[in-house]
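Summary of structural features
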Amino acid sequence: MNAQDATDERAGLAAALLAGVPVQMTRVLSRYSELLKSWLLDHDSLSLDELLSVANVESLIVVFQRAGLTEYITKFFGATVDQAVVLIKAELADNGLEASLDVGALKILIDRRAVALAESIAGPAAEAVMTAWVDSTFLGKSLVQATDEAVRSVSGKTVAVARTEITAALAAIDRLATAQAGIKAGAAFLYIHPRDSVTRASCAVIAGKVYTLAEIRAMDNGQLPDTLLTCGGYNCRGHFSPTLLPVRYPNVRGEAVDVEKFNIEARK
Amino acid sequence: MIITITGKTVNMSFKDLVSLEDIRMLAEHGVTLMKARITLRSLKADGTPLKPYSTKPISIPSRGVGTGSPLVRPTGVKKKKKSVFFPGGYLQFRASAGRSTTKDLILSGNLMRRLRVKIIVGNAVYVGWMGSKHELIAQQLDTQENQLLFAWSDEEIDDVADRAVDMIMRGLGEPEP
C-alpha cells in the first residue's frame with residue numbers, strides 16, 4: 001500500500017464516521033474535522049487493519065472528546081454510534097474486512113437497559129453516571145476521578161450516598177458490557193467472586209458456579225434490581241461472566257436450590 | 001480466529017466456519033475460563049500456583065487503594081495520617097481488609113469485571129480492558145507471573161476449540177461429537 005492509498009483509506013473511514021453524525025453537531029464537527037486531519041497524519045504509516053486495532057480506536061475517541069463531543073453524549077451520542085457503526089462496517093466491507101464494532105462498551109451506550117438501570121439506581125445522577133462511565137471507558141480516565149466528578153455534579157444527596165449509588169450504577173453498566181455476548185448467545189454465566197471474610201453469605205452460595213439467565217433472573221439480592229447487573233448489591237465485587245453450556249470440569253453447574261439459598265441469605 | 005490479550009496471541013483456524021457473534025461468544029467463553037483459573041483456583045496458565053502476595057513492608061494511603069471505585073481503605077486509620085504502615089506488606093493489608101490472602105486478583109473487583117472482548121476486526125479478537133490504566137496494571141501483573149497470568153492454558157485453548165467444533169457441527173446440522 002502506498003502513502004496515497006493509506007490516506008484515501010483513512011479519508012474514507014473519516015467520511016463514514018462524519019456521515020453518521022447528526023446535524024446538531026455541525027459546530028463540534030468542524031473542530032472534529034480539523035483534529036481528524038492531524039490524527040490521520042499521525043497514523044499514516046499504519047495499515048487499515050492496524051489502524052483499527054484497539055489502541056487506535058481509543059485514540060480516535062480521544063479526538064471525539066477534544067472536539068467537545070462528550071457534551072452531546074447524553075443527547076445525541078446513541079444515534080451517532082448507531083449510524084456510524086453501520087457506515088464504518090460498510091467502509092470496512094469495501095476494503096474486504098468484516099468487523100464487529102458493536103462489541104462491549106460502545107454499543108452499551110445506546111442500550112436502554114443500561115440507561116434505565118442507571119436511572120433506577122442513581123435517579124437524577126443518571127447523566128453523570130453515563131458521562132463518568134464514558135470518560136473512564138473510552139478516555140482512560142481513572143474511574144475514581146470520573147466517579148468523583150460525577151458525585152460533585154449530583155446535588156441533594158450526601159457525598160457518601162451519591163458515591164455509593166454512582167459506583168453501583170457504573171459497575172452495573174460494566175457488567176452489562178461483559179454479559180452482553182452471553183445474553184445474545186443464550187449462554188450461561190459463571191459467577192466470578194472471591195471467597196473471603198467480607199464476602200456476603202448470599203454471594204458465597206453462588207460463587208464459582210454456573211447459572212442460566214432464567215436462574216439469575218430468579219435471584220433477588222434485596223437491594224437493587226436485576227441481579228445479573230447488580231449481583232450481591234451495593235459495592236459487590238462479583239460479576240457474571242458468559243460461558244457456554246454444558247459446564248465442564250473444573251467449573252461447577254449451579255442448582256435451583258442455590259437460587260433459593262441466595263434469596264434467603266440476601267434477605268437476612 | 002486470532003485472540004490477543006496483553007500482546008500475546010492464540011491462532012485458531014475457524015474463519016468462515018463460525019459467525020462473528022459465535023467468534024465473540026467463543027472468545028468470551030475463553031475469557032471466563034481464564035478468570036475462573038485466576039480468581040477461583042489461583043493458578044497460572046501452566047497450572048502452577050500464582051506467586052503469593054508480597055510481604056515486603058508497605059505504606060497504604062489512608063484514602064485507600066484499588067483499580068476503581070470503591071477504593072479499599074486500610075483499617076486503623078488515624079486522623080491526619082496520610083498512610084498506614086503494614087510491616088507484613090500487601091499481604092497483611094489484604095488480610096486486615098478481610099480480603100483473601102491467596103492470590104485471586106480481586107480487591108474491589110474492577111479489574112476482573114472489566115476484562116472482556118473489546119473489538120473484533122476480521123478474524124482478530126482483541127481481549128482486554130477499555131482505557132490504558134487497566135491495561136497497564138494487567139501487563140505489570142502479567143510480568144510478575146512470567147507472562148502466564150493473562151495467558152491461555154492448553155486446557156483453555158482445547159475447551160474453546162471443542163466448543164467451536166460443536167458450533168460448526170450444529171451449523172452443519174450434524175449431531176455433535
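My aim in this report is to walk through the structure given alongside it, one point at a time. (Residues numbered from 1 in each chain as written. Chains lettered and ligands numbered in written order. Predicted model: local features only at pLDDT ≥ 70, side-chain atom pairs only at ≥ 80, totals over all residues.)

Topic: the overall build of chain B
The cut-off we apply is this: Secondary structure elements are defined from DSSP: runs of H or I of at least 4 residues count as helices, runs of E of at least 2 residues count as strands, and each element is numbered from the N terminus. To sort residues by exposure, count the other C-beta atoms lying within 10 Å of each residue's C-beta; 20 or more gives buried, 12 or fewer gives exposed, and values between give partly exposed, all with C-beta atoms placed from the backbone. Placing C-beta atoms from the backbone, we regard two residues as in contact once those atoms come within 7 Å.
Secondary structure summary: chain B contains 5 helices and 6 strands in total. When the helices and strands of chain B are placed in sequence order, the string is β-β-α-β-β-α-α-β-β-α-α. Burial status across chain B gives 43% buried among its 177 residues. A fraction of 63% describes how many contacts in chain B between residues 6 or more apart in sequence connect residues 24 or more apart.

So, the packing of helix 1 (residues 20–41) of chain B against helix 5 (residues 154–172) of chain B
All names here are of chain B. So the rule is basically this: Inter-axis angles, ranging from 0 to 180 degrees, are taken between N-to-C directions of lines fitted to C-alpha atoms, where helices are fitted over the stretch in contact. Roughly parallel refers to an angle under 35 degrees, roughly antiparallel to one over 145, roughly perpendicular to one between 65 and 115, and oblique to any angle outside these ranges. For any pair of crossing helices, the crossing counts as left-handed if the nearer helix is rotated counterclockwise from the farther one by less than a right angle, and right-handed if it is rotated clockwise. Note on residue categories: nonpolar means Ala, Val, Leu, Ile, Met, Phe, Trp, Tyr, Cys or Pro, charged means Asp, Glu, Lys or Arg, and polar means any other residue, Gly included.
The geometry of helix 1 relative to helix 5 is characterised by a closest axis approach of 10 Å and an angle of 150° between their N-to-C directions. In terms of orientation, helix 1 and helix 5 fall into the roughly antiparallel class. Every pair of crossing elements has a handedness; the one defined by helix 1 and helix 5 is right-handed. Each of Asp-22, Leu-26, His-29, Gly-30, Leu-33 and Met-34 in helix 1 lies in contact with helix 5, whose residues at this interface are Glu-156, Asp-159, Val-160, Arg-163, Ala-164 and Met-167. Partitioned by chemical class, the residues of the contact of helix 1 with helix 5 number 6 nonpolar, 2 polar and 4 charged.

Considerations on the environment of Arg-175 of chain A
Turning to its location among the elements, Arg-175 of chain A is positioned in helix 10 (residues 159–185). The class of Arg-175 of chain A is buried, set by 24 C-beta atoms lying within 10 Å. Once the C-alpha coordinates of Arg-175 of chain A and Arg-253 of chain A are considered, the two residues, 78 residues apart in sequence, prove to be 21 Å apart. For Arg-175 of chain A, the residues in contact, after removing those within four places along its chain, are Leu-229, His-239 and Phe-240 of chain A together with Arg-113 of chain B.

Observations concerning helix 5 of chain B
All names here are of chain B. Stated formally: For a helix, the expected span equals 1.5 Å multiplied by the residue count minus one. The directions considered for the arc are those from the helix axis to the C-beta atoms.
Look at helix 5: 27 Å from first C-alpha to last across 19 residues, which is about the 27 Å you get at 1.5 Å a residue. Listed as buried for helix 5 are Glu-156, Asp-159, Val-160, Arg-163, Ala-164 and Met-167. The buried residues of helix 5 all sit within an arc of 135° when viewed along its axis, so they share a single face. Facing away from the buried surface of helix 5 by more than 90 degrees, the exposed residues are Asp-154, Asp-158 and Leu-172. Trailing helix 5 by a residue or two, Gly-173 shows a phi angle of about 75°, which is positive.

Remarks on the nonpolar core
Defined as follows: By definition, a nonpolar core groups buried Ala, Val, Leu, Ile, Met, Phe, Trp, Tyr and Cys residues that connect through C-beta atoms lying within 7 Å of each other.
One finds Val-129, Ile-166 and Ala-169 of chain A to be the most contacted residues of the largest nonpolar core, which totals 87 residues. If you tally residues by element for this core, the top one is helix 10 of chain A, at 12 residues. Counting residues in hydrophobic clusters, the runner-up holds 5 residues, among them Tyr-53, Ile-60, Phe-86 and Phe-93 of chain B.

Digging into the sheet that holds strand 4 (residues 239–243) of chain A
Within a sheet, adjacent strands bond to each other through the backbone by hydrogen bonds, running parallel or antiparallel. Residues and elements named next belong to chain A. Put simply, the rule reads: DSSP-based pairing: two strands are paired if at least 2 bridges between them are found.
Strand order across the open sheet formed by 4 strands is 4-2-3-5, with mixed pairing between neighbours. Where the open sheet ends on each side, the last strands, each with one partner, are strand 4 and strand 5 (252–253). Summarising the sheet, strand 2 (residues 188–192) and strand 3 (residues 209–211) pair through 2 bridges and their orientation is antiparallel. Residue pairing for strand 3: Leu-190 is matched across the bridge by Val-210. On top of the sheet, helix 10 reaches strand 2 and strand 4; it is set at about 20° to strand 4, its chief contact.

Quick look at unusual backbone geometry
All names here are of chain A. Note the cis peptide between Leu-245 and Pro-246, where omega equals 0°. Structurally, Pro-246 can be placed in the loop between strand 4 and strand 5. The omega torsion of the bond from Tyr-249 to Pro-250 falls at 10°, within 30 degrees of zero and hence cis. Secondary-structure assignment places Pro-250 in the loop between strand 4 and strand 5. Of note in the backbone geometry, Cys-231 takes a positive phi value of approximately 50° without being a glycine. Take Cys-231: it is sitting in the loop between helix 13 (227–230) and strand 4. With 31 C-beta atoms packed within 10 Å, Cys-231 lands in the buried category. Of note in the backbone geometry, Asn-235 takes a positive phi value of approximately 60° without being a glycine.

Here's the deal with the environment of Asn-11 of chain B
All names here are of chain B. For Asn-11, the location among the structural elements is in strand 2 (residues 8–11). For Asn-11, a count of 10 C-beta atoms within 10 Å puts it in the exposed group. With 113 residues separating them along the chain, Asn-11 and Ala-124 place their C-alpha atoms 8.9 Å apart.

What to know about the environment of Ile-173 of chain A
Residue and element names in this part refer to chain A. Looking at the element boundaries, Ile-173 is found in helix 10. According to the C-beta neighbour criterion, Ile-173 is buried, with 27 such atoms within 10 Å. Taking the C-alpha atoms as reference points, Ile-173 and Asn-263, separated by 90 residues in sequence, lie 23 Å from one another.

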